[in-house]
Amino acid sequence: MSSLEDTRGNLVVAHETAHQWWGDLVVWKGYRDQWIIEALAEYSSLMQLESQDPAKFRAVLESYQDKLFQKNKDGMPLMDAGPVTLGIRLSCSPFPVGYEAISYGRGTWLFHMLRTMMRDAESKKTGHRASSRENLDEPFLRGLRKLRERYQGKSISTRDVLRVFEEELPPSLWYEGRKSLDWFYNGWINGTAIPRLELHDVKYVERDGSTRISGTIRQSEAPEDLVTLVPVYGTVGGKSMLLGQVFADGPETVFHLTSSMGVRKAVLDPNRTLLARTR
Ligand SMILES: [Zn+2]
């Protein structure tokens, strides 16, 4: 814990520096948009940490999730204080630290989810091999640059942020064929759930030189209409590879993916890119 506290202390400098862009150059529109500024400053500092020490980066993200499960004096988890869009209203007598835990903690996870879904889509598009991490992050970073260019000296709303990232969405991330992040706004930004995701009924069928993988993703401890983009991985020749990204829509979603011959051991999100229950 003490080493994690040291890491947090070091992150403060990067976080406050990042506010030169997110918070000073670009400001938030209303209290419902303030989370964007704290989450972006925090996630910027975490991206710097990730480039130096990926294990610590993971540890900080995990600590944010743990914090959301911490109970208040009435035994309610902090995550129940409300969605990031409640802003400073999150801090109230039942949840005195609600604003910090949700807007920094959940907010940071929201940007991590946005970045990793775009990175995974990019890696499927370009093929996994030669591309460096920087290249895979380019659509997300382009979105951040657009935010700064379009809104410097102005204020942004949550919708403005989504509109910029929607421009960067590849067709594989169009839920129900729409180039829109409404599903992410409705379920994740404007919601409080941390779902449990489980893989069931997995089958592997070899055909025409490839493997067809089918299975069911069960999503529980979440509203019935929650949509989550789940990365599904498999192992081939001892190596883990991304098979595809599946929109888990509600409690049960059947999926079919095709991959190279011999893929086995399908798993959901082994790299923990989703705010989800692991135990
Ligand atoms: Zn801050």
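To be clear, the structure that these remarks concern was listed above.
Procedures and definitions
Residues numbered from 1 in each chain as written. Predicted model: local features only at pLDDT ≥ 70, side-chain atom pairs only at ≥ 80, totals over all residues. Heavy atoms only, no water. Helix = DSSP H or I, 4+ residues; strand = E, 2+ residues; numbered from the N terminus. Rg over C-alpha atoms; globule rule 2.2 N^0.38 Å. Buried < 20%, exposed > 50% of the residue type's maximum accessible area, 1.4 Å probe, protein only. Contact = heavy atoms within 4.5 Å. Areas by Shrake-Rupley, 256 points an atom, 1.4 Å probe, with all protein chains shown as cover. Lys, Arg positive; Asp, Glu negative; His and termini not counted. Charge placed at Lys NZ, Arg CZ, Asp CG, Glu CD. Patch = residues over 30% accessible without salt bridge, like charges linked within 9 Å, V, L, I, M, F, W, Y side chains within 5 Å. Salt bridge = Lys/Arg side-chain N within 4 Å of Asp/Glu carboxyl O. Core = buried A, V, L, I, M, F, W, Y, C linked by side-chain atoms within 4.5 Å. Domains from an automatic or database assignment. Donors = N, O, S within 2.8 Å, 3.2 Å for Na, K, Ca; no water. Expected span 1.5 Å × (residues − 1). Pairing = 2+ DSSP bridges. Phe/Tyr/Trp six-rings, centres within 6.5 Å; stacked < 30°, edge-to-face > 60°. Lys NZ or Arg CZ within 6 Å of the ring centre and 35° of its normal.

Participant: Would you explain the overall build of the chain in this entry?
Facilitator: Looking only at helices and strands, the chain has eight helices and eight strands in total. Over its C-alpha atoms the chain spans a radius of gyration of 19 Å, differing by no more than 12% from the 19 Å that the globule rule assigns to 279 residues. By its C-alpha atoms, the chain is 55 × 45 × 40 Å across when sized along the principal axes. Taken across its 279 residues, the chain has 53% of its residues classed as buried. For the chain, restricting intrachain contacts to residue pairs at least 6 apart in sequence, the fraction spanning at least 24 positions comes to 64%. Total accessible area on the chain stands at roughly 13100 Å², and carbon and sulfur atoms take up 51% of it. Within the chain, the 36 negative side-chain charges are centred at a point lying 3 Å from the centre of the 37 positive side-chain charges.

Participant: Just checking my understanding: could you explain a negative patch on the surface for this structure?
Facilitator: A surface patch of negative charge is lined by Glu176, Glu224, Asp225 and Asp249. With respect to the helices and strands, the residue Asp225 is situated in the loop between strand S4 (210–220) and strand S5 (227–236). Classification of Asp225 as exposed rests on a relative accessible area of 63%.

Participant: Would you mind showing me how to read the nonpolar core here?
Facilitator: In globular proteins that are soluble, nonpolar side chains generally tend to be buried together. Core analysis: the largest hydrophobic core is formed by 77 residues, its most contacted members being Phe111, Leu147, Phe165, Trp183 and Phe184. In terms of residue count, helix H4 (residues 98–126) provides more of this core than any other element does, eleven residues in total. Mapped onto the domain boundaries, this core takes at least three residues apiece from domain 1 (2–189) and domain 2 (196–268). When neighbours within four sequence positions are excluded, Leu147 is seen to be in contact with Trp22, Val26, Leu40, Gln152, Ile156, Asp160, Val161, Val164 and Phe165.

Participant: How should I be thinking about the coordination of the zinc ion in this particular structure?
Facilitator: Ideal geometry at a metal centre gives angles of 109.5 degrees when four donors are arranged tetrahedrally and 90 or 180 degrees when six donors are arranged octahedrally. The zinc ion binds to the protein through His15 (NE2), His19 (NE2) and Glu38 (OE), with metal-donor distances spanning 2.0 to 2.1 Å. Taken in sequence order, the residues that donate to the zinc ion follow the motif H-x3-H-x18-E.

Participant: I'm lost on H4 in this one. Help?
Facilitator: For an α-helix the count is 3.6 residues per turn, leaving residues at separations of three or four pointing the same way. For H4, which comprises 29 residues, the first-to-last C-alpha distance of 41 Å matches the rise-based estimate of 42 Å (1.5 Å per residue) to within 8%. Buried residues dominate H4, accounting for 24 of its 29 residues. Phi turns positive one or two residues past the end of H4, at Gly127, with a value near 85°.

Participant: What exactly am I supposed to notice about the pairing of strand S3 (residues 196–207) here?
Facilitator: In summary, the side chains of a regular strand alternate between the two faces of the sheet. In terms of strand pairing, S3 meets S4 through ten bridges, oriented antiparallel. Bridge assignment links Leu197 to a residue of S4, and that residue is Gln219.

Participant: Even after reading the chapter, I still don't get the packing of aromatic side chains, so can you show me in this structure?
Facilitator: Two descriptors summarise a pair of aromatic rings, namely the distance from one centre to the other and the angle between the planes of the rings. As enumerated under the stated definition, the model contains seven aromatic pairs in all. Both rings, one in Trp183 and one in Phe247, keep their centres 5.2 Å apart while their planes meet at 85°; by these two values the pair is edge-to-face. Here Trp183, found in helix H8 (residues 182–189), pairs with Phe247, found in strand S6 (residues 239–249); they are 64 residues apart in sequence, far enough to count as distant. In terms of burial, Trp183 and Phe247 fall into one category: buried. Among the aromatic residues, ring-to-ring pairing joins Tyr175, Trp183, Phe184 and Phe247 into one connected group. When the ring centre of Tyr185 is taken as reference, the NZ or CZ atom of Arg159 above it lies at 4.1 Å.

Participant: Which parts of the structure should I look at to understand the environment of Phe165?
Facilitator: Along the polypeptide, Phe165 turns up in helix H7 (residues 158–167). You can call Phe165 buried: its relative accessible area is 0%. For Phe165 and Asn190, which are 25 residues apart along the polypeptide, the C-alpha to C-alpha distance reads 17 Å. Contact partners of Phe165, with chain neighbours within four places excluded, come to Phe111, Leu114, Met118, Phe140, Gly143, Leu144, Leu147 and Leu181.

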